Amino acid sequence: MKKNAKIYIAGHRGLVGSAILNNLSDKGYSNIITRTHSELDLSSQIAVSSFFENEKPEYVFLAAAKVGGIVANNTYRADFIYENMMIQNNVIHQSYLHDVKKLLFLGSTCIYPKNAPQPMSEDCLLTDTLEYTNEPYAIAKIAGIKMCESYNLQYGTNFISVMPTNLYGPNDNFDLEKSHVLPALIRKIHLAKLLSEAKYDDVVKDLGLEHIEEAKAYLETFGVSANSVEIWGSGKPKREFLWSEDMADACVFIMENRNFSDTYEADQKEIRNTHINIGTGKDISIKELAETIKATVGFKGDLVFNTDKPDGTMKKLTDVSKLNGLGWTHNIELKEGIHHLFNWYLNK
Ligand SMILES: NC(=O)C1=CN([C@@H]2O[C@H](COP(=O)(O)OP(=O)(O)OC[C@H]3O[C@@H](n4cnc5c(N)ncnc54)[C@H](OP(=O)(O)O)[C@@H]3O)[C@@H](O)[C@H]2O)C=CC1
Ligand SMILES: C[C@H]1O[C@H](OP(=O)(O)OP(=O)(O)OC[C@H]2O[C@@H](n3cnc4c(=O)[nH]c(N)nc43)[C@H](O)[C@@H]2O)[C@@H](O)[C@@H](O)C1=O
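For the protein, an unreviewed UniProt entry supplies the name GDP-L-fucose synthase and the organism Pseudotamlana agarivorans.

So this is what it looks like as structure tokens:
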């Protein structure tokens, strides 16, 4: 990519998109185009077609998607499959029609089977049944990988797919119901600590409410009180977490250095090596994660595990040997990242 190449980041205000925008700007890319969701609804075929016709981007980072944690995925199943399929169909197809030189599609490691051999290498895609809680989202992401592969093979495009592990960082979603575990636990445990210190003004301000009784009742529905915080599931599942700015760096590295033909082994008919995992290769149990966050926040109460909530996949550690072999490794370790994100949350 030349420094003045016209680059479109779809989803530039999200967790990953905002980090990609900063990474590209820091590296001197000067011709980046963006649209907010309200300016351009990527699920509208007409709107996306006219955007590509008018703007003609040369490179596309597809970081816009319907995203959420385990309960959001499980509850809004139709929205997750519909919106993700619409966004990726429109952006990938218009990128082909308008001769985009390279596109990076962001999938997720939930594309791999629920009981995939660990660590999960790229070639275990489509070898077994998926985890049910996020099956619609995973199927949309698998369709995205296969769409990129099919356009490359039929039309000679250069569309690359990456599969990130669980991500966290600045501009994360801290919604108590719909977010992922790491930001959710930072906020819940922080609010519990504020309650335990009777810092009621800070609690109501954080929640955007007026009265502390209302705030306490609301938090009670999420199992947050001055004495304890509810953790969904058994605490036994393991997850791998990557700092979003590392993720953005990996995305830019791959866009700068890789081509579709480098990732695809066309002669291997059964093993279609069409995508690259992005992660750290290290995981931690949810219980250990919650304890680490509790120590970072300085909360003295209890962690209570609610097994009525889903555990999801018990383990999904990525095999990052392909990515590491290309010369990229992550920079921020989990403890440091949790510390950064807690400070970011306090100062936002
Ligand atoms: N976060 C994670 O842990 C992981 C994320 N991923 C993938 O990484 C990518 C980025 O995720 P992340 O940054 O976390 O997601 P975010 O939810 O933080 O950001 C997604 C962005 O997409 C925008 N968007 C959503 N729908 C539309 C639409 N119809 N039209 C235009 N814009 C839209 C959102 O705008 P608005 O908010 O205004 O709707 C938001 O800015 C996604 O493909 C996701 O699947 C993969 C693995 C893990
Ligand atoms: C990135 C990935 O994200 C989703 O999958 P997930 O990894 O299961 O995501 P999660 O972060 O929501 O949960 C991780 C674990 O943590 C537990 N957990 C405890 N307490 C809270 C809690 O308070 N909130 C949440 N969200 N989880 C909690 C929770 O029960 C689970 O065992 C996919 O749907 C899919 O979108 C995807 O690709």
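**Brief notes about the site of ligand 1**
Leu 15, Val 16, His 37, Tyr 137 and Lys 141 are the nearest of the 25 residues found near ligand 1. A distance of 3.3 Å separates an oxygen atom of ligand 1 from a polar backbone atom of Gly 14. In the complex, the protein chains occlude 83% of the 890 Å² of accessible area that ligand 1 would expose alone.

**Here's the deal with the packing of helix α11 (residues 286-297) against helix α13 (residues 334-347)**
Where α11 contacts α13, the axes come no closer than 10 Å and their chain directions differ by 50 degrees. The orientation of α11 relative to α13 falls into the category oblique. Handedness of the crossing formed by α11 with α13: right-handed. Contacts between α11 and α13 involve Leu 289, Thr 292, Ile 293, Thr 296 and Val 297 from the first element and Leu 334, Lys 335, Ile 338, His 339 and Phe 342 from the second. Of the residues assigned to the contact of α11 with α13, the class counts are six nonpolar, three polar and one charged.

**Comments concerning the sheet that holds strand β5 (residues 159-164)**
Pairing within the open sheet is parallel, and its six strands lie in the order β2-β1-β3-β4-β5-β10. Whereas interior strands pair on both sides, the edge strands pair on one side only; in this sheet they are β2 (32-33) and β10 (275-278). Bridge analysis of β5 against β10 gives four bridges, and the strand direction is parallel. By the bridge assignment, Val 162 is partnered in β10 with Ile 276.

**Thoughts on helix α8 (residues 212-220)**
Listing the buried residues of α8 in full gives Ile 212, Ala 215 and Leu 219. An end-on view of α8 places all buried positions within 55 degrees of arc, on one side of the element. Within α8, the exposed residues directed more than 90 degrees away from the buried face are Glu 213 and Glu 220. Where α8 is buried, its residues touch α6 (181-196) and α7 (200-207).

**What about empty space enclosed by the protein?**
The final tally for this structure, using the stated rule, is one cavity of 30 Å³ or more. The computed volume of the largest cavity comes to approximately 60 Å³. Around the largest cavity, the lining residues are Thr 109, Cys 110, Tyr 112, Pro 113, Lys 114, Met 120, Glu 131, Asn 134, Thr 313 and Lys 316. Partitioning the lining of the largest cavity into residue classes produces four nonpolar, three polar and three charged.

**Focus on the site of ligand 2**
Taken together, 23 residues are adjacent to ligand 2, and Ile 70, Ser 108, Arg 239, Pro 310 and Asp 311 come closest. Contact distances for ligand 2 include 2.9 Å between an oxygen atom and a side-chain N or O atom of Asn 73. In this structure, Ser 108 approaches ligand 2 through a side-chain N or O atom, which is 2.6 Å from an oxygen atom. Burial of ligand 2 by the protein chains amounts to 98% of its free accessible area of 690 Å².

**Examining the pattern of salt bridges**
Throughout the structure, instances matching the rule amount to 13 salt bridges. The shortest N-O distance in the salt bridge between Glu 131 and Lys 114 comes to 2.7 Å. Here Glu 131 is found in the loop between β4 (102-106) and α5 (135-155), whereas its partner Lys 114 is found in the loop between β4 and α5, with 17 residues between them in sequence. A relative accessible area of 5% means that Glu 131 is categorised as buried.

**As for the environment of Pro 170**
Within the secondary structure, Pro 170 sits in the loop between β6 (166-168) and α6. Spatially, the C-alpha atoms of Pro 170 and Leu 346 are 11 Å apart, while their sequence positions differ by 176 residues. Other than its neighbours up to four places away in sequence, Pro 170 contacts Leu 15, Ser 18, Trp 243, Ser 244, Glu 245, Leu 341 and Trp 344.

**Observations concerning the side chain of Thr 157**
By the secondary structure assignment, Thr 157 is in the loop between α5 and β5. Within polar-contact distance, the side chain of Thr 157 engages the backbone oxygen of Tyr 151 at 3.2 Å. Apart from residues lying up to four places away in sequence, Thr 157 is in contact with Tyr 96, Cys 148, Tyr 151, Asn 152 and Phe 260.

**A look at helix α4 (residues 77-97)**
With 21 residues, α4 extends 30 Å between its outermost C-alpha atoms, agreeing within 8% with the 30 Å of an ideal straight helix rising 1.5 Å per residue. Of all the positions in α4, only Arg 77, Phe 80, Asn 84, Ile 87, Gln 88, Asn 90, Val 91, Ile 92, Gln 94 and Ser 95 are classed as buried. Against α2 (45-55), β3 (59-62), α3 (70-75), β4, α5 and β5 lie the buried residues of α4.

**Focus: the nonpolar core**
For soluble globular proteins, nonpolar side chains are generally found buried alongside one another. Grouped together as the largest cluster of nonpolar side chains are 37 residues, with contacts concentrated most on Leu 182, Val 203, Leu 289 and Ile 293. Of all elements in the fold, only α6, α7, α8, β7 (228-232), β9 (241-243), α11 and α13 reach the threshold of two or more residues within this core. Element by element, the count of residues in this core is highest for α6, at eight residues. The residues touching Val 203, leaving out its near neighbours within four places in the chain, are Leu 191, Leu 194, Leu 195, Ile 212, Ala 215 and Leu 219. Counting residues in hydrophobic clusters, the runner-up holds 36 residues, among them Ala 10, Val 60, Ala 64 and Cys 148.

Basis of the calculations
Residues numbered from 1 in each chain as written. Chains lettered and ligands numbered in written order. Predicted model: local features only at pLDDT ≥ 70, side-chain atom pairs only at ≥ 80, totals over all residues. Heavy atoms only, no water. Near = heavy atom within 4 Å. Polar contact = N/O pair within 3.5 Å; in protein donor to acceptor, adjacent residues only side chain to side chain. Areas by Shrake-Rupley, 256 points an atom, 1.4 Å probe, with all protein chains shown as cover. Axes fitted to C-alpha atoms, helices over the stretch in contact; angles between N-to-C directions. Helix = DSSP H or I, 4+ residues; strand = E, 2+ residues; numbered from the N terminus. Parallel < 35°, antiparallel > 145°, perpendicular 65-115°, else oblique. Left-handed = near helix turned anticlockwise from the far one by under 90°. Contact = heavy atoms within 4.5 Å. Nonpolar A, V, L, I, M, F, W, Y, C, P; charged D, E, K, R; others polar. Pairing = 2+ DSSP bridges. Buried < 20%, exposed > 50% of the residue type's maximum accessible area, 1.4 Å probe, protein only. Arc of directions from axis to C-beta. 1 Å grid on protein atoms, 1.4 Å probe; cavity = no way out; pocket = protein on both sides within 12 Å on 5 of 7 lines; lining within 4 Å. Points joined across faces, edges and corners; volume = space filled by probe spheres on them. Salt bridge = Lys/Arg side-chain N within 4 Å of Asp/Glu carboxyl O. Expected span 1.5 Å × (residues − 1). Core = buried A, V, L, I, M, F, W, Y, C linked by side-chain atoms within 4.5 Å.

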